[in-house]
Structure formats: structure tokens, C-alpha cells
Amino acid sequence: MLQSCDTMQPQTNGTNGTMSSSILITGGAGYIGSHTVAVLLEASTPHELVVVDNLSNAHREQGQKKPESLRIVEELTGKNIHFYDADIRDAEKLSEIFNKHNIECVIHFAALKAVGESVDKPLEYYQVNISGTCTLFDVMRKHGVYKLVYSSSCTVYGEPRKLPIDEAHPTGLGLTSPYGKSKYFCEEIMKDICRSDPKWTVVSLRYFNPVGAHLSGRIGEDPAGTPNNLMPYISQVAVGRLPELQVFGNNYQTSDGTGVRDYIHVVDLAAGHERAVRLLQQPGASGFHAVNLGTGVGYSVLQMIKAFEEASGRKIPYKIVGRRPGDISENYADVSLSHRLLGWRATRTLEDMCRDTWRWQSAHPNGFKS
Ligand code: NAD
Ligand code: UFG
């Protein structure tokens, strides 16, 4: 039986009985998904938004029908989101949702994403990230939906051969984690389905390092357990939840020896999805498009610490430890294709990223949990 906040009647627009056109957003209760939902609603998308999320990495308060992230986005925007507590591996439930809504395209965020955990649990990662993705594509095809925006990652490039990394850079070489491989394999699957049938239009967005939070400070990143990534770790040290940061290596060939990454504000990233949805609707866009979403600028770990200290007014104690296995030294994106193809550029600065992260973290030291 479909677990939903909505009834099982097809959604009509109430005036002439036709079904409103919808975007299905898998994993839309998560960090990037909820910001994308907010940005789409703030941009007055003409589409209804339908979110499918199994809440494996999103929090719902007891007695609430919707996860906190989406409940707050509804409050912020005054608009309704259709939410289904469902798993992308469940073809039957997905089909029921496709029957109920007039889905025009899909933004597919749902995935497991912890790199270290994926090494210990490869099957779980392949089941959700690959098998779940294939199930979704099959249901899409059966319902005549061939437009897709996919959450990929710069991890598909492996160790960069040149910087900045453009989309022609080889992918799939030297990938060390099942997580990274799952993103690469999904891209290969999407290339194959696009070759097999010209009805498919797929935009695979290769994110660099998403950080930051919505300007309201009411939604943001809420990692389960100890954060693996730099920015949430720094912000939890700043708020006093963690004692100190470990800096993984200071002997890389970078300006100060620490790892360099292209951090991108999550609201800029979300806006990139809005542009990708527009591209899907253009005639002649059919086929597979891989597009970097980054700023084109790299910052080191020590520069990130300093910027966060300035934004928060808090000291971030840290100690230098050995390199983290599998880490690369430096990466940042060539962002010219995103500008040409999507008409999109990141506009928010490192200061914005740190300030907005701090606004969210300081107001919600324990994330969404009350
Ligand atoms: P997240 O964990 O916050 O969001 C993912 C959402 O998917 C969660 O709400 C989770 O409950 C849901 N989900 C997981 N498995 C599911 C399943 N089987 N069925 C239905 N829902 C399921 O992660 P995020 O940071 O928002 O990442 C979103 C996407 O972006 C992922 O595909 C991730 O791999 C990709 N990505 C993230 C980053 C990053 O640094 N955050 C970088 C590159 C790519
Ligand atoms: N770092 C530390 N201490 C920490 C965490 C990270 O020094 O506690 C350093 C890392 O060594 C690296 C930099 O901070 O130099 C960034 O590390 P993150 O873990 O935040 O990001 P990564 O670039 O290593 O990887 C992340 C995701 C990947 C994703 C990639 C690109 O974990 O899944 O961004 O989006 F593919």
C-alpha cells in the first residue's frame, strides 16, 4: 500500500480536470534535494513537485506526515509539496506514483553517499545507487517519461590529469570506492540508454563540493553521525559538538600543503538544477549531457578553516594528521560548459558559503531533530 500524504486520486488542476504537469524528485528530502525543491518553488516553477524519499537519511518528527526539511520549505514558500515515503527500488510504488501524477521529468538525487561506508557495504551501495536507479529508469520508460536530471559527482574523474577539470576529462579511472564507481557506472548506463533510444534526454550534473545552506538558515546539511566531509565537520566544531578538526595531510603539492577543492554553495547548485530542467524541455536537446557544477576556484583546508572562523567568530581548533586514504590532492572545475549549455554560473562567494552554513548550524546545533 502506498504510504503518502496525498490520496490516491489522480491530481488535477481543479479547473478543467486536466492533470498538472509535475517534476518527480527522488531523494528530495535530503540536503541538496530540499534546497532544489526550495529554489524551484521560489522560482515559481509551473510544475507540481512530487518527492519520493525513503527517509533513510532525512528526519521526520513523530506525528508529522512530511520530513522536516520539506515541511519547512512549505512554510518558507507557502507552497505544497507532494511527498511519498517510498523506496526507489520499489517498482510497484513508483508506478503508482507515476499513475497518479502527470510526471514530465525526474530529478534523481536518491542515493547512499558515504564514501567510507561504501567500502564496507558495497552491495548496499550498488543495490540503491545502481539497481534502484535502473528500477527508476525502467518505470520512467514504462510511463513514457524520458527526461532526467541526474546527481553525479566530480568523483567520476578520479585523480585529475589536468586542472581545471573539464567534461572531456576521462572518467572511471582509478576510482577507489564503490560509491564513486556507482556514480560512474550510472553515467555509463545513462549513456547506453540514450544511445538505444533518442527519446531520452539526460543531464548528468557533476557536482564539485556542495556546502552552505538556505539563506533563511532554516534548512541545511544534517549528516547522520560524525560528518565525513570538511564543512559540516568544521561547523560542528564551531558549534561545540566536536572538539577539534583533523586536517588530513599537509604535504600535498598545493599552496599550503593541504587538500584543495572547489566548494560550491548549495543554493547555486540547486539553481543549476532549475536550469537543467529548462534544458530538458528544449527541442533538440535529446541525448546524454555531462555538465560540471562548480565555481572554478579551489580553496585549501586551511583557507576553509580561516574563512569559517571569520564568518562565525569562533576559533576552530585543529591538528594535522596523516593523509586520508583515497584522497586526491587538488581539484576544481572548468565551468565553461555549464555557462554555455545551461546559462548558469555560481554567484555565491566563500564568505556566503561559510556565513550561511553558520546561520543554519548555530540555530540548529543538532540539525533537524528537536
Ligand atoms: P542526502 O543523503 O542528504 O540525500 C539523499 C536522499 O535520498 C536522502 O533524503 C535519503 O533519505 C534518500 N534516499 C536514499 N536512499 C533512498 C532510496 N533507496 N529510496 C528513496 N530515497 C532514498 O544526500 P545529498 O548530499 O543531498 O546528495 C544528493 C545526491 O547528490 C546523491 O545522489 C549524492 O550521491 C550526490 N552528490 C552529493 C555530493 C555531496 O557532497 N553532498 C557530492 C556529489 C554528488
Ligand atoms: N578533510 C579534512 N578533514 C576532515 C574532512 C576532510 O582535512 O575531517 C579534507 C580532505 O582531506 C579534503 C578536503 O578536506 O582535502 C575536502 O574533503 P571532503 O570530504 O569534504 O570532500 P571530498 O572532496 O574528499 O569528497 C566529497 C564527497 C565525495 C564527492 C566529492 C565531490 O565525499 O563523495 O566531495 O563532490 F564525490
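Just above, that's the structure.
Remember, predicted model here, so these are calculated numbers, not experimental data.

Which parts of the structure should I look at to understand the pairing of strand β11 (residues 287-293)?
Burial within β11 is extensive, with 6 of its 7 residues counted as buried. With 7 bridges connecting them, strand β6 (residues 201-207) and β11 associate as parallel partners. Pairing of tyrosine 207 across the sheet is with leucine 293, part of β11.

What exactly am I supposed to notice about unusual backbone geometry here?
What you tend to see is this: most non-glycine residues have negative phi, and most peptide bonds are trans. In the segment running from leucine 163 into proline 164, the intervening peptide bond is cis, with an omega of -5°. As for its position among the elements, proline 164 is in the loop between β5 (147-153) and α6 (178-196). Phi at serine 44 takes a positive value of approximately 55°, unusual for a residue other than glycine. Of note, serine 44 is situated in the loop between α1 (31-42) and β2 (48-53). One non-glycine residue, leucine 55, adopts positive backbone phi at about 60°. Here leucine 55 falls in the buried class, since its relative accessible area comes to 16%.

Before we go on, may I ask you to explain the site of ligand 2 in this structure?
In the vicinity of ligand 2 lie 22 residues, with Ser153, Phe208, Gln246, Arg261 and Asp327 positioned nearest. In this structure, tyrosine 207 approaches ligand 2 through a main-chain N or O atom, which is 3.4 Å from an oxygen atom. Side-chain polar atom of aspartate 327 to an oxygen atom of ligand 2: 2.5 Å apart, as the coordinates give it. For ligand 2, whose free accessible area comes to 680 Å², the fraction covered by protein is 89%.

Hey, could you run me through the packing of helix α7 (residues 230-238) against helix α11 (residues 350-363) in this one?
In a packed pair of helices, the relevant descriptors are the angle between the two axes and the axis-to-axis distance. The contact between α7 and α11 brings their axes to 10 Å, and the two run at 55°. Compared by their axis directions, α7 and α11 come out oblique. As α7 packs across α11, the resulting crossing turns out to be right-handed. Residue-level contacts link Met231, Pro232, Ser235, Gln236 and Ala238 of α7 to Met353, Cys354, Thr357, Trp358 and Gln361 of α11. The class makeup of the residues in the contact of α7 with α11 is 6 nonpolar, 4 polar and no charged.

Even after reading the chapter, I still don't get the nonpolar core, so can you show me in this structure?
A general trend in soluble globular proteins is that nonpolar side chains are found buried together. Counting 45 residues, the largest nonpolar core has Ile23, Ile25, Val37, Ile107, Leu205, Leu293 and Leu342 as its most contacted members. In terms of residue count, the dominant contributor to this core is helix α8 (residues 266-280) (8 residues). Ignoring any residue separated from it by four or fewer positions in sequence, one finds leucine 293 in contact with Leu205, Arg206, Tyr207, Phe208, Ile264, Leu269, Gly272, His273, Ser338, Leu342 and Trp344. If you look at the next biggest cluster of nonpolar residues, it comprises 25 residues, including Ile97, Ile130, Met140 and Trp200.

Conventions used here
- Residues numbered from 1 in each chain as written.
- Chains lettered and ligands numbered in written order.
- Predicted model: local features only at pLDDT ≥ 70, side-chain atom pairs only at ≥ 80, totals over all residues.
- Heavy atoms only, no water.
- Buried < 20%, exposed > 50% of the residue type's maximum accessible area, 1.4 Å probe, protein only.
- Helix = DSSP H or I, 4+ residues; strand = E, 2+ residues; numbered from the N terminus.
- Pairing = 2+ DSSP bridges.
- Near = heavy atom within 4 Å.
- Polar contact = N/O pair within 3.5 Å; in protein donor to acceptor, adjacent residues only side chain to side chain.
- Areas by Shrake-Rupley, 256 points an atom, 1.4 Å probe, with all protein chains shown as cover.
- Axes fitted to C-alpha atoms, helices over the stretch in contact; angles between N-to-C directions.
- Parallel < 35°, antiparallel > 145°, perpendicular 65-115°, else oblique.
- Left-handed = near helix turned anticlockwise from the far one by under 90°.
- Contact = heavy atoms within 4.5 Å.
- Nonpolar A, V, L, I, M, F, W, Y, C, P; charged D, E, K, R; others polar.
- Core = buried A, V, L, I, M, F, W, Y, C linked by side-chain atoms within 4.5 Å.

Purely geometric stuff here, so don't read any function into it on its own.
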